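Tertiary structure, described
This is what each chain is made of:
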Amino acid sequence: SSDFVDWHALSQKDTLAPLACLCSAQDSRGMKDPARVSSHDRNLKGIREAQQREAQILAKEAERLAKAKRAEELRRKQVVREESHRKKHGVGKRLGGDDGNGSDDVDHVDICEVRNRQQEKLKENTKQSTSTTQEQAAKKKESKRSVPRTLTCTQTITNKTTATANDSDDWDKVRNDQDEEFRESLAKDQANEEAKVLRLQRRQEALEKLDPEPTTKLEDTALIAFRLPRKCKEARISRRFSKHSRINQLFYFLSSTGHLDKVREWRLMSAVGAQQFPSDGEATLEELGLSPRGLVIVVDVDC
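In what follows, the accompanying structure is described. All figures in this text were calculated on a predicted structure; none of them were measured in a lab. (Residues numbered from 1 in each chain as written. Predicted model: local features only at pLDDT ≥ 70, side-chain atom pairs only at ≥ 80, totals over all residues. Heavy atoms only, no water.)

This brings us to the sheet that holds strand β2 (residues 236-242). Read from one edge to the other, the open sheet built from 5 strands follows the order β2-β1-β5-β3-β4, with strand pairing classed as mixed. On the outer flanks of this sheet lie β2 and β4 (276-277), each paired with one strand and no other. One ladder, built from 7 bridges, connects strand β1 (residues 221-227) with β2; its direction is antiparallel. Bridging from a neighbouring strand, Leu223 pairs with Arg240 of β2. Packed onto the sheet, helix α5 (residues 248-257) meets β1, β2, β3 (266-270), β4 and β5 (293-300) and runs at close to 135° relative to β2. (Pairing = 2+ DSSP bridges. Helix = DSSP H or I, 4+ residues; strand = E, 2+ residues; numbered from the N terminus. Contact = heavy atoms within 4.5 Å. Axes fitted to C-alpha atoms, helices over the stretch in contact; angles between N-to-C directions.)

Dropping the structure here:
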């Protein structure tokens, strides 16, 4: 009948409407719609491509302006160069002026004329140089032909004789130098041998005058230590003497040992008070305060 109502359809409509409203509300709150996202990405991509194209156009324009600027600088340099060349050589003229558009009409310099002049000068210089060289060669040939053969022979003979004379002089000088060196070395060797013989004689005389060393058991002995100069191999030596011995026994002992062969002249001094002992003194070791022990310094006179 007409009064029949489709309650099932009404129930579905009532249940689906809230869901549709809920989905639309979620989309409006931030839910991502795939269709909207894809369109947004396409728009961003188009904007980026347009920016890239604009940047490329700007770069090309900047490059074109830089090239134009460089060309203008080159043109100005060329004009300056032409003006300097014109002033230097005095050829060509700069004509024209403002043509109403703000540009200057400049005539090119007559380069061909300048080149022709330079080539002519170069040819003249080469001709002069070749003529001078030819003249010099001819003069040399004439001088060689005019010199007689006998003169050249005499010149060679004199040259050889002078060379031999110089060689003989040099040989004599070398031989004289060698002889002088040999004589000097021989004199040094002889002097060394004489000094060695003299030292041996003095050592033998000192040994003969030196008293024998007493034994350690005796109470009247004096132990003397000697400090030697730096030239000697040993820095210190010692020996026992009788306390009644004279000071010259110390000199005899040092002369007999051979430790002072390298020292030309030496003296004896006490360690305390720097008292110098004479070689021919009559005082005993006990009187000089060197008993039972004493230290004597050997001083090198040359140092």
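On to the side chain of Ser256, then. Within the element layout of this structure, Ser256 appears in helix α5. Under the relative-accessibility criterion, Ser256 is labelled buried at 11%. What Ser256 contacts, discounting residues up to four positions off in sequence, is Arg203, Ala206, Leu207 and Leu210. (Buried < 20%, exposed > 50% of the residue type's maximum accessible area, 1.4 Å probe, protein only.)

Our next topic: the packing of aromatic side chains. How two aromatic rings sit relative to each other is set out by the distance from centre to centre and by the angle between their planes. Per the counting criterion, the structure on display carries 4 aromatic pairs. Pairing Phe226 with Phe241 gives two aromatic rings, centres 6.4 Å apart and planes at 80°, and the pair type is edge-to-face. Taken together, the positions of Phe226 in strand β1 and Phe241 in strand β2 put the pair 15 residues apart, joining distant regions of the chain. Given a relative accessible area of 0%, Phe226 falls into the buried group. An angle of 20° between the planes, with centres 5.6 Å apart, marks the rings of Phe251 and Trp266 as stacked. Taken as a pair, Phe251 in helix α5 and Trp266 in strand β3 lie far apart in primary sequence, 15 residues in all. Take Phe251 and Trp266: they sit in the same class, and that class is buried. Of the aromatic side chains, those joined through ring pairs into one cluster are Phe226, Phe241 and Phe253. (Phe/Tyr/Trp six-rings, centres within 6.5 Å; stacked < 30°, edge-to-face > 60°.)

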